[in-house]
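If you want the building blocks of each chain, they are given just below.
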Amino acid sequence: MGRGRLRIYLGAAPGVGKTYAMLAEGGRRRARGTDVVVGLVETHGRARTAALLDGLEAVPRRTVPHRGAEFTELDVAAVIARRPDVALIDELAHTNVPGSPNAKRWQDVEEILDAGIDVVSTVNVQHLESVNDVVEQITGVPQRETVPDEVVRRAEQVELVDMAPEALRRRMAHGNVYAPEKIDAALGNYFRVGNLTALRELALLWLADKVDDQLDRYRVDHGIRGTWQARERVVVALTGGPEGDTLIRRAARIADRARGADLLALHVTRSDGPTDAAPANLTRQRSLVESLGGSYHQVVGTNVPDALLDFARGVNATQLVLGASRRGRLAQVFSRGVGVTVTAGSGPIDVHLVSHEEAGQGHRWRALRTAWGVPAARRAAGFALAAIGLPLLTLLLAGLRGEVSLTSDILLFQAAVVGVALVGGLYPALFAAVAGTLLLNFYFTPPRGTFTVYGAESMLQLAVFIVVGITVSTIVDVTARRGREAARARADAQVLSTLAGDILRGDAGDAPPGGRGPLNGILERLRETYALASATLLERDPAAPQAPWTIVASAGGPPVTRPDDGDCDVLVDDALALAVRGRTLPASDRRILEAFAAQAAVALRHRRLAETAEQVAPLEAADRMRTALLGAVSHDLRTPLASAMAAVDSLRSPDVVWSDQDRDELTVMAAESLERLDRLVANLLDMSRLQAGVLGVSRRPIAVEDVVPRALDGLGDIDVHVDVSVPAGLPEVAADPALLERVLANLVSNAVRHNPPGEPVLITASAHAARVQVRVIDRGPGIPPADRDRAFAPFQRLGDRGDRTGVGLGLALSRGLTEAMGGAIEIEETPGGGLTMVVALPAAVREERT
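If you're wondering where the values come from, they're calculated on a predicted model, not measured in any experiment. (Residues numbered from 1 in each chain as written. Predicted model: local features only at pLDDT ≥ 70, side-chain atom pairs only at ≥ 80, totals over all residues. Heavy atoms only, no water.)

1. With respect to the overall build of the protein chain
Reasoning step 1: Regarding its fold elements, the protein chain presents 25 helices and 24 strands.
Reasoning step 2: Taking all 850 residues of the protein chain together, the buried fraction comes to 42%.
Reasoning step 3: If you take every contact in the protein chain between residues at least 6 apart in sequence, the share linking residues at least 24 apart comes to 70%.
Reasoning step 4: Of the roughly 43,200 Å² of accessible surface on the protein chain, a fraction of 55% belongs to carbon and sulfur atoms. (Helix = DSSP H or I, 4+ residues; strand = E, 2+ residues; numbered from the N terminus. Buried < 20%, exposed > 50% of the residue type's maximum accessible area, 1.4 Å probe, protein only. Contact = heavy atoms within 4.5 Å. Areas by Shrake-Rupley, 256 points an atom, 1.4 Å probe, with all protein chains shown as cover.)

Below, the structure is given as structure tokens:
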């Protein structure tokens, strides 16, 4: 029995109608005679969704006891035993109650599919693992339940259940999604138009990527090499020349005209040796492409036009952007060039030839490259030219024997030898010189028909012919050898340049040992450059030469444990060695290996300096904290202390007789000063505990409506009225009651201090999903967006005046305490002016759910 087929309804947000669509599909299949059962469906109290369950058989759920309560989950065994054709199973990303056979519902679905049963399920885009963090950034709500993207991608069908944000908000306002008491909070938080629009775009883009994968698989399975212009993909070809920046920007503009188009940059590295590509240009152009949202690719090919077209067809490109040829007009007469060749073979791919400043300027002369002076293919061509051309030339000159002198015959043969030397180098030229000498001697030098030469002039002519042929061929071969050496030096320079670029791109820091950083990147680059199995940096104690080597970093396969175990090694100094395994490098490559070793040693030292700096950073921060604390204490603690001491000294003075009213006023002043001093000291102590990471937090469920009054009572008498609006039925929060009270008291105190006279301070609360938000709203001057992060730094006042402002710990301490309780605190602008402090805390986990 084969595996079942999976169909998934994908939605951008709750309430778009995924479960409704799933049940409607189940009803349609049942009407066609398919055996359909409901494995598990959550209607969330929606009447229209529940109505679709009528007539559909439901498999009883499995009961799972947990923490003294009982819950129901999908009964996988019962569904498999029932063996329907199709099972409807809602909420693919659901987390099962502890004690279930599988932790996640998608794992239950996998078991049912393996049993040969088709499954129809639902999932929201925010539950996909790959976009989970993006959704949290957009909505501010973390999603604890996720499903691996691969599970959804393997589905035979994924159908998007789409709804415009405005339509979904109307559904919510009409009570078709959530209960009435949750509507306002949902519309003001998660279900804002901007959030829904971003989630909708995420869902569309994710589904478009899956469609692309399906299309690619279909084309591969059916052997389709042609381009199907289902989606715009713009490929820009880079040579490494300075014109690349112009081409990239032009291609980006083309891609921008088609929204959602992909931009891909391609550089073709010739497999027969180094090219004119400048590594620095390619590195800069790669960064430019990535900054424009594109991707950079590099392929190796002997024929550049074929490599470009193969890549473009492979990625299903619709447009190809090339630069106008840099070759001169004469060169274009003899060769069509890359642009013309690609255009001729592009088929349905549109080709854009973009003019630039380098067009028509010509290429710099490139030295001939070969292992023996020239490549093997050219040597073969040289031998072929000599073997075919010299006999043909002999036949031609034999027919003109009465009209052409011996001197002309020798000059023409000499020209042929030079031509062979230019094509094939030394050895084909020597062959041509010897063969040409024999042909001249036999057919054209008296006496003809023999290899005997009569006359000093004829012998001189033949000797000069041989000398000139050998000389020209030797010069050509030496030039080619020099070109090979130059090419080799250029290749080495390109490797070193790429190495330097990798180090610079690796940021200032380094990853921890075993992580990806400049040191590991250097070793990986070395391994890739010379096709090695592994590259390892080893270290030992320089004071103990016999001490064992330890592995500092490694790339590739099993690392080398001793330098002697490698196929090649370089000693950087007495303490460091670089060893490689895979093949023995020639002496010409050891210079580059030594350069890699030196750079690896520098990267290692840099890593250790960074680690030392990280260890010193907390000490520097603590020192700055102490300095700021002393500066604050010297002034802000002195004022309430001086007030309290003055009041107590006045009461103790035997020279003054105080009335009962004066005595009460002095007592109140002393008490208020001491209370203020107590709050300041408590804040300082809590801040020091936060900095040291030793603040004790005891979280338990607590109602917001119970904490707010206590926080207000702790402020004493204040001149500003505070309105409190906490809705009934608000979920409890998981928090430390004392710390939460401190947080709210600090925020309300800050709001009261800056609120204009006659305006009330407002405290509201709302809940959505697993978060409860408490807002403290004032109508004061607010904080500019650029200063909001700085507002949470300790000992910052941001323009406050007077000695009643304290040491500037209120917001810093509030954020620290909130984060210690697992929450977050943010600053928003109050509509109409003012500041809104938002405290978001996790809702308390109910005993009957986990």
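There is more to say, and it comes next.
2. Describing the sheet that holds strand β16 (residues 568-571)
Reasoning step 1: Taken together, 4 strands build an open sheet; the order of strands is β15-β14-β17-β16 and the sheet is antiparallel. One side of each edge strand has no neighbouring strand; the edge strands of this open sheet are β15 (550-556) and β16. Here the average twist between neighbouring strands, direction ignored, is 15 degrees. (Pairing = 2+ DSSP bridges. Axes fitted to C-alpha atoms, helices over the stretch in contact; angles between N-to-C directions.)

3. Some remarks on the nonpolar core
Reasoning step 1: The biggest cluster of nonpolar side chains holds 57 residues, and the ones touching the most others in it are L88, L92, I112, L128, V147 and V152.
Reasoning step 2: I702, V708, I763 and M821 belong to the second largest nonpolar core, which has 40 residues in total. (Core = buried A, V, L, I, M, F, W, Y, C linked by side-chain atoms within 4.5 Å.)

4. Considering helix α4 (residues 105-114)
Reasoning step 1: α4 sits mainly inside the fold: 7 of its 10 residues count as buried.
Reasoning step 2: For α4, the complete set of buried residues consists of R105, W106, D108, V109, E110, I112 and L113.
Reasoning step 3: Two residues or fewer after α4 comes G116, characterised by a positive phi angle close to 90 degrees.

5. What to know about the side chain of N195
Reasoning step 1: Looking at the element boundaries, N195 is found in helix α9 (residues 193-221).
Reasoning step 2: With residues near it in sequence (within four places) discarded, N195 still touches I138, T139, N189 and Y190.

6. Overview of a nonpolar patch on the surface
Reasoning step 1: Where nonpolar side chains cluster on the molecular surface, the patch consists of F383, Y427 and F431 and spans about 280 Å² of accessible area.
Reasoning step 2: Residue placement: F431 occurs in helix α17 (residues 426-443). (Patch = residues over 30% accessible without salt bridge, like charges linked within 9 Å, V, L, I, M, F, W, Y side chains within 5 Å. Salt bridge = Lys/Arg side-chain N within 4 Å of Asp/Glu carboxyl O.)

7. Some points on the packing of helix α15 (residues 376-399) against α17
Reasoning step 1: Between α15 and α17, the shortest axis-to-axis distance is 9 Å and the interhelical angle comes to 10 degrees. Regarding the angle of α15 to α17, the classification is roughly parallel. As α15 runs across α17, the sense of the crossing is right-handed. Facing R379, G382, F383, A386, A387, L390 and T394 of α15, the residues of α17 in contact are Y427, P428, F431, A432, A435, G436, L439 and Y443. (Parallel < 35°, antiparallel > 145°, perpendicular 65-115°, else oblique. Left-handed = near helix turned anticlockwise from the far one by under 90°.)

8. Some remarks on a negative patch on the surface
Reasoning step 1: A cluster of acidic residues, D660, D662, D664 and E665, forms a negative patch at the surface.
Reasoning step 2: Within the element layout of this structure, D660 appears in helix α21 (residues 660-692).
Reasoning step 3: The exposure class assigned to D660 is exposed, which follows from its relative accessible area of 62%. (Lys, Arg positive; Asp, Glu negative; His and termini not counted. Charge placed at Lys NZ, Arg CZ, Asp CG, Glu CD.)

9. Considering unusual backbone geometry
Reasoning step 1: The phi dihedral of H44 falls on the positive side, at around 55 degrees, and the residue is not glycine.
Reasoning step 2: The residue H44 is located in the loop between β2 (36-40) and α2 (47-51) in this model.

10. Some words on the packing of helix α12 (residues 304-314) against helix α14 (residues 337-345)
Reasoning step 1: Across the interface, α12 lies against α14 with an axial gap of 9 Å and an inter-helix angle of 45 degrees. Between α12 and α14, the crossing angle belongs to the class labelled oblique. As for the relative orientation of α12 and α14, their crossing is right-handed in sense. Across the interface between the two elements, V304, P305, L308, L309 and R313 of α12 pack against V338, T341, V342 and G345 of α14.
Reasoning step 2: For the contact of α12 with α14, the per-class residue count stands at 6 nonpolar, 2 polar and 1 charged. (Nonpolar A, V, L, I, M, F, W, Y, C, P; charged D, E, K, R; others polar.)

11. Examining the packing of aromatic side chains
Reasoning step 1: Taken as a whole, this structure holds 4 aromatic pairs when the rule is applied.
Reasoning step 2: Ring plane angle 75 degrees and centroid distance 5.1 Å describe the contact between F442 and Y443, whose orientation is recorded as edge-to-face.
Reasoning step 3: F442 gets classed as partly exposed once you look at its relative accessible area, which sits at 27%.
Reasoning step 4: By relative accessible area, which is 35% here, Y443 ends up partly exposed. (Phe/Tyr/Trp six-rings, centres within 6.5 Å; stacked < 30°, edge-to-face > 60°.)

12. Section: the environment of Q285
Reasoning step 1: Along the polypeptide, Q285 turns up in helix α11 (residues 279-291).
Reasoning step 2: Placed 41 residues apart in sequence, Q285 and G244 show a C-alpha to C-alpha distance of 6.7 Å.
Reasoning step 3: The contacts of Q285, once residues within four sequence positions are left out, are L238, G240, G241, G244, D245 and I248.

13. Concerning the sheet that holds strand β3 (residues 57-58)
Reasoning step 1: The strand order across the open sheet built from 6 strands is β3-β2-β6-β7-β1-β8, with neighbouring strands paired in parallel fashion. The open sheet has two edge strands with one neighbour each: β3 and β8 (157-161).
Reasoning step 2: Pairing of β2 with β3 involves 2 bridges; the strand directions are parallel. Looking at the pairing, V37 lines up with E57 of β3.

14. Details of helix α23 (residues 737-754)
Reasoning step 1: Here α23 contains 18 residues, and its C-alpha end-to-end distance of 26 Å stays within 8% of the 26 Å for a straight helix at 1.5 Å per residue.
Reasoning step 2: Listing the buried residues of α23 in full gives P737, L739, L740, V743, L744, A745, N746, L747, V748, N750, A751 and V752. (Expected span 1.5 Å × (residues − 1).)

15. A few points about the confidence of the model for the protein chain
Reasoning step 1: Of the residues in the protein chain, 77% have a pLDDT of 70 or more, and the chain-wide mean is 78.
Reasoning step 2: When mean pLDDT is taken per element in the protein chain, strand β6 (residues 86-89) scores highest with 95 and helix α13 (residues 329-334) scores lowest with 53.
Reasoning step 3: Contacts for the low-pLDDT stretch residues 363-372, under 50 throughout, to residues beyond four places or in other chains number 26 contacts.
Reasoning step 4: Between residues 507-516, whose pLDDT stays under 50, and residues either more than four places distant or in other chains, the model counts 20 contacts. (pLDDT = per-residue confidence, 0-100.)

16. Points about the pairing of strand β14 (residues 534-539)
Reasoning step 1: In terms of residue burial, β14 counts as a mostly covered element, since 6 of its 6 residues are buried.
Reasoning step 2: Covered by surrounding structure in β14 are S534, T536 and L538 together with A535, L537 and E539, the residues of both alternating faces.
Reasoning step 3: Two strands pair when backbone bridges link them, and β14 and β15 are joined in this way by 6 bridges, in the antiparallel orientation. Residue pairing for β15: L538 is matched across the bridge by I551.

17. Here's the deal with the pattern of salt bridges
Reasoning step 1: Within this structure, the stated rule accounts for 19 salt bridges.
Reasoning step 2: With a closest N to O distance of 3.2 Å, R7 and E25 form a salt bridge. Taken together, the residues R7 in strand β1 (residues 6-11) and E25 in helix α1 (residues 18-31) connect sequence positions 18 residues apart.
Reasoning step 3: A salt bridge links E42 to R61; its shortest N-O distance comes to 3.4 Å. Separated by 19 residues along the polypeptide, E42 in the loop between β2 and α2 and R61 in the loop between β3 and β4 (62-66) bring together distant segments of the chain.

18. Observations concerning the side chain of T19
Reasoning step 1: Looking at where T19 falls in the secondary structure, it is placed in helix α1.
Reasoning step 2: The exposure class of T19 is buried, given its relative accessible area of 11%.
Reasoning step 3: Excluding anything up to four places from it in sequence, T19 contacts V41, E42, T49, D90 and T122.

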